[in-house]
Amino acid sequence: MNKLPYDFYCRNSVTLIARELLGKVLVTQLDGVLTSGRIVETEAYNGIVDKASHAWNDRRTNRTEVMYKEGGHAYVYLCYGIHYLFNVVTNKPGIPNAVLVRAIEPLEGITLMQQRKKSSGPLKSLGAGPGNVARSLGLTTLHSGLTLFEDSLYIADDGFRVKRSEIVAGPRIGVDYAGEDALLPYRFFIKGNPFVSGKKQPA
DNA sequence: CTGACGATTCACT
DNA sequence: GTGAATCGTCAGC
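Residues numbered from 1 in each chain as written. Chains lettered and ligands numbered in written order. Predicted model: local features only at pLDDT ≥ 70, side-chain atom pairs only at ≥ 80, totals over all residues. Heavy atoms only, no water.

### Observations concerning the overall build of chain A
- Helix and strand counts for chain A stand at 5 helices and 9 strands.
- Reading chain A from its N end, one meets helices and strands in the order β-α-α-β-β-β-β-β-α-α-α-β-β-β.
- Taken over C-alpha atoms, the radius of gyration comes to 16 Å for chain A, in line with the 17 Å a tight globule of 203 residues would show.
- For chain A, the C-alpha atoms occupy an extent of roughly 40 × 40 × 35 Å along the three principal directions.
- Taking contacts inside chain A between residues at least 6 apart in sequence as the whole, the part at least 24 apart equals 61%.
- When the accessible area of chain A is evaluated, it comes to approximately 9800 Å², of which 53% is carbon and sulfur surface.
- Mean positive and mean negative side-chain charge positions of chain A (25 and 19 charges, respectively) differ by 5 Å. (Helix = DSSP H or I, 4+ residues; strand = E, 2+ residues; numbered from the N terminus. Rg over C-alpha atoms; globule rule 2.2 N^0.38 Å. Contact = heavy atoms within 4.5 Å. Areas by Shrake-Rupley, 256 points an atom, 1.4 Å probe, with all protein chains shown as cover. Lys, Arg positive; Asp, Glu negative; His and termini not counted. Charge placed at Lys NZ, Arg CZ, Asp CG, Glu CD.)

### Looking at helix H3 (residues 110-117)
- Of the residues making up H3, those classed as buried are Leu-112, Met-113 and Arg-116. One face of H3 carries all of its buried residues, which in axial projection span an arc of 105°. Turned more than 90 degrees off the buried face of H3, the exposed positions are Thr-111 and Gln-115.
- On its buried face, H3 sits against strand S2 (25-30), strand S3 (33-46), strand S6 (97-108), helix H4 (124-127) and helix H5 (130-137).
- Of the residues trailing H3, Lys-118 is marked for its positive phi of about 65°. (Buried < 20%, exposed > 50% of the residue type's maximum accessible area, 1.4 Å probe, protein only. Arc of directions from axis to C-beta.)

### Some points on the packing of aromatic side chains
- Counted under the stated rule, the structure contains 3 aromatic pairs.
- Ring geometry for Tyr-9 against Phe-149: centres 6.0 Å apart, planes inclined by 70°, an arrangement best described as edge-to-face. Of the two residues, Tyr-9 sits in helix H1 (residues 6-9) while Phe-149 sits in the loop between H5 and strand S7 (153-157), which places them 140 residues apart along the sequence.
- Residue class for Tyr-9 comes out buried when judged on its relative accessible area of 0%.
- By relative accessible area, which is 34% here, Phe-149 ends up partly exposed.
- Where Tyr-75 meets Tyr-77, the ring centres are 5.9 Å apart and the plane angle is 15°; that geometry is what we call stacked. (Phe/Tyr/Trp six-rings, centres within 6.5 Å; stacked < 30°, edge-to-face > 60°.)

### Structural notes on the side chain of Lys-24
- Tracing the sequence through the fold places Lys-24 in the loop between helix H2 (14-20) and S2.
- Despite its burial, Lys-24 remains without a salt bridge, the nearest opposite charge being carried by Asp-157 at 4.3 Å.
- Every residue in contact with Lys-24, bar those within four places of it in the chain, is listed here: Leu-4, Gly-37, Arg-38, Ile-39, Ile-155, Ala-156 and Asp-157. (Salt bridge = Lys/Arg side-chain N within 4 Å of Asp/Glu carboxyl O.)

### Here's the deal with the protein's contact with DNA strand B
- Surrounding DNA strand B, one finds 20 residues, the nearest of these being His-54, His-83, Asn-87, Gly-129 and Tyr-177.
- Those atoms of DNA strand B that come within 4 Å of the protein belong to sugar or phosphate at a rate of 50%.
- Contacts to DNA strand B include His-83, whose side-chain N or O atom sits 2.7 Å from a base oxygen.
- Here Pro-130 contributes a backbone N or O atom positioned 3.1 Å from a phosphate oxygen of DNA strand B.
- Taken together, the elements giving at least two residues each to the surface near DNA strand B come down to strand S5 (83-90), S6 and H5.
- The dominant element in the surface near DNA strand B, judged by the number of residues it contributes, is H5, at 4 residues.
- Classifying every residue of the surface near DNA strand B gives 9 nonpolar, 8 polar and 3 charged. (Near = heavy atom within 4 Å. Polar contact = N/O pair within 3.5 Å; in protein donor to acceptor, adjacent residues only side chain to side chain. Nonpolar A, V, L, I, M, F, W, Y, C, P; charged D, E, K, R; others polar.)

### Overview of the protein's contact with DNA strand C
- By nearness alone, every residue bordering DNA strand C is listed as Arg-59, Thr-61, Arg-63, Leu-78, Tyr-80, Gly-81 and Ile-82.
- When atoms of DNA strand C within 4 Å of the protein are sorted by moiety, sugar and phosphate together comprise 68%.
- Here a phosphate oxygen of DNA strand C and a side-chain polar atom of Arg-59 are 3.4 Å apart.
- Taken together, the residues that form the surface near DNA strand C break down as 3 nonpolar, 2 polar and 2 charged.

Laid out in structure tokens, this is it:
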């Protein structure tokens, strides 16, 4: 499959990249086993002017350092002490933009994903929600700072196309603390896709 | 060093 | 609908 090139990630519109990541395939190959899923839901985090971003107000720390790198790096961090969330760093060096992958449609390695979950359940539970995405693909903070040009971690274009009319934008989830910025339409998902997190979407 | 808390999920009422 | 799980990160002392 064709890995997305550096040029894809270094562009300066994080919301454009978040939108274009829909339909792409996120792949990990850890311990020799490949797991992959099609991205169906993303959220954009717009750097230092976005209160919902870890890098808001230029809060540069050890953890957020990866976001200041050039586009094409992976930013993974632990949330609530339990869940790992996977992000794609975008833009040029020094500009801490990132896209959170919130949901995938499992494609390959589903058996391993179910083992990682350690309990059975509907297929949707493997990919709906950012904590589930990282767990199913085996991603942890150990992978934070890697680039997406590895053999073990990358995003590919397999030719799948999402119609513009099928992309929906809305406010982000779980960022109520961000005040006005919580209302920004920075969440993108594929209309009607059953793997999108949250309540069922109207057709 | 200490304490508070989070870009969440799941089991249970 | 409500609450517990669980720990790295960060600000403050």
